[in-house]
Amino acid sequence: MAEREQDLLRRVAGDLGVSLTEAQLERLIHYLDELCLWNRRTNLTGLRSRDRMVVELLADALVPAPLLPPSPSLLDVGSGAGLPGIPLKIARPDLSVDLLEPSLKRYHFLKQAIRLLRMEGIRALRGRVEDSGILPQQEYDVVTSRAVWGLRKALESCASRVAAGGLLVGFAGADAEAELAGARASLAGAGLHLEDSVAYRLPGTGGGRRTLFFRKGPIP
């Protein structure tokens, strides 16, 4: 099964512009194994099909990888099962990653996944983005959030953690334009502007998706 899943991930990630080594593919599937094991007793994802997890969790999380700057600090807010933070760290070992998650059970999963995969330059932190004193640094080069609270709320909650000149990476579905329109005031108030947008479709899913890259600072 592992070889077939690696082939699927290689193909879908390649279509998204992400190239993975054999070692990275193996590590991503090893991470998926642990996620599935924990998902039997802890609700990490509503997906049950491993093929769908390969496509909709792993491949989808990797979309930002080619567009991130070299060796940035990255904060993954509301990391949950470690998405997109853990797959991004596997694909981009140069990242220095903090996974921020308020749920105790999911925090324990993140700690276990990091130990199991013997990952360095990544740590799990328990708390919320607005909590003071939780994060080892106040601002990051890149902040990601796939939390379910919507784009406007993600912008308002996470913008203060983005360093000047840094990126906030957001994720949206087919209604991305409507979400962007609703978030216009939040963008202006946070000093963010949309710098790039990647539109794509995942095989076996319905509507299109977009990964949005917001730069903090004046528009050039």
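The structure under discussion appears in the preceding block.
Quick summary incoming for the structure in this document. Keep in mind it's a predicted model, so treat the numbers as computed, not measured.

What counts, and at which threshold
- Residues numbered from 1 in each chain as written.
- Predicted model: local features only at pLDDT ≥ 70, side-chain atom pairs only at ≥ 80, totals over all residues.
- Heavy atoms only, no water.
- Helix = DSSP H or I, 4+ residues; strand = E, 2+ residues; numbered from the N terminus.
- Contact = heavy atoms within 4.5 Å.
- Pairing = 2+ DSSP bridges.
- Axes fitted to C-alpha atoms, helices over the stretch in contact; angles between N-to-C directions.
- Buried < 20%, exposed > 50% of the residue type's maximum accessible area, 1.4 Å probe, protein only.
- Parallel < 35°, antiparallel > 145°, perpendicular 65-115°, else oblique.
- Left-handed = near helix turned anticlockwise from the far one by under 90°.
- Nonpolar A, V, L, I, M, F, W, Y, C, P; charged D, E, K, R; others polar.
- Expected span 1.5 Å × (residues − 1).

**Quick look at the side chain of His 193**
Turning to step 1, where the next piece is worked out: Considering the arrangement of structural elements, one finds His 193 in strand β6 (residues 192-200).
Turning to step 2, where the next piece is worked out: When neighbours within four sequence positions are excluded, His 193 is seen to be in contact with Phe 213, Phe 214, Arg 215, Gly 217, Pro 218, Ile 219 and Pro 220.

**Some details on the sheet that holds β6**
Paired through backbone hydrogen bonds, the strands of a sheet run either parallel or antiparallel to each other.
Turning to step 1, where the next piece is worked out: Pairing within the open sheet is mixed, and its 7 strands lie in the order β3-β2-β1-β4-β5-β7-β6. Of all strands in the sheet, those bounded by a partner on one side alone are β3 (122-126) and β6. In this sheet, adjacent strand axes meet at a mean angle of 20° when their direction is disregarded.
Turning to step 2, where the next piece is worked out: Bridge count between strand β4 (residues 140-145) and strand β5 (residues 162-172): 5 bridges; the pairing is parallel. Its bridge partner lying in β5, Val 142 is registered against Leu 167.
Turning to step 3, where the next piece is worked out: Packed on one face of the sheet, helix α6 (residues 151-158) meets β1 (73-77), β4, β5, β6 and β7 (209-216) and runs near 160° to β5.

**A word on the pairing of β5**
Turning to step 1, where the next piece is worked out: Most of β5 sits inside the fold, with 9 of its 11 residues counted as buried.
Turning to step 2, where the next piece is worked out: The pairing of β5 with β7 spans 6 bridges and is antiparallel. Each bridged residue has a counterpart across the sheet, and for Phe 171 the counterpart in β7 is Thr 211.

**Quick word on the packing of helix α2 (residues 22-39) against helix α3 (residues 50-61)**
Turning to step 1, where the next piece is worked out: It is at 11 Å that the axes of α2 and α3 come closest, and there the two elements cross at 115°. When the axes of α2 and α3 are compared, the pair comes out roughly perpendicular. Remark: the crossing between α2 and α3 carries right-handed chirality. Across from Leu 28, Ile 29, Tyr 31, Leu 32, Asp 33, Leu 35, Cys 36 and Asn 39 in α2, the residues of α3 making contact are Arg 50, Met 53, Val 54 and Leu 58.
Turning to step 2, where the next piece is worked out: Partitioned by chemical class, the residues of the contact of α2 with α3 number 9 nonpolar, 1 polar and 2 charged.

**Some remarks on unusual backbone geometry**
Turning to step 1, where the next piece is worked out: Here Leu 83 and Pro 84 are connected by a cis peptide whose omega angle stands at 10°.
Turning to step 2, where the next piece is worked out: Note on placement: Pro 84 falls in the loop between β1 and α4 (85-91).
Turning to step 3, where the next piece is worked out: One non-glycine residue, Ser 71, adopts positive backbone phi at about 50°.
Turning to step 4, where the next piece is worked out: Along the chain, Ser 71 turns up in the loop between α3 and β1.

**A short note on α2**
Turning to step 1, where the next piece is worked out: For α2, spanning 18 residues, the distance from its first C-alpha to its last is 25 Å, which sits close to the expected 26 Å at 1.5 Å a residue.
Turning to step 2, where the next piece is worked out: If you check which residues of α2 are buried, you get Gln 24, Leu 25, Leu 28, Ile 29, Tyr 31, Leu 32, Glu 34, Leu 35, Cys 36, Trp 38 and Asn 39.
Turning to step 3, where the next piece is worked out: Residues of α2 that are buried in the fold lie against α1 (2-15), α3, α4 and α5 (104-116).

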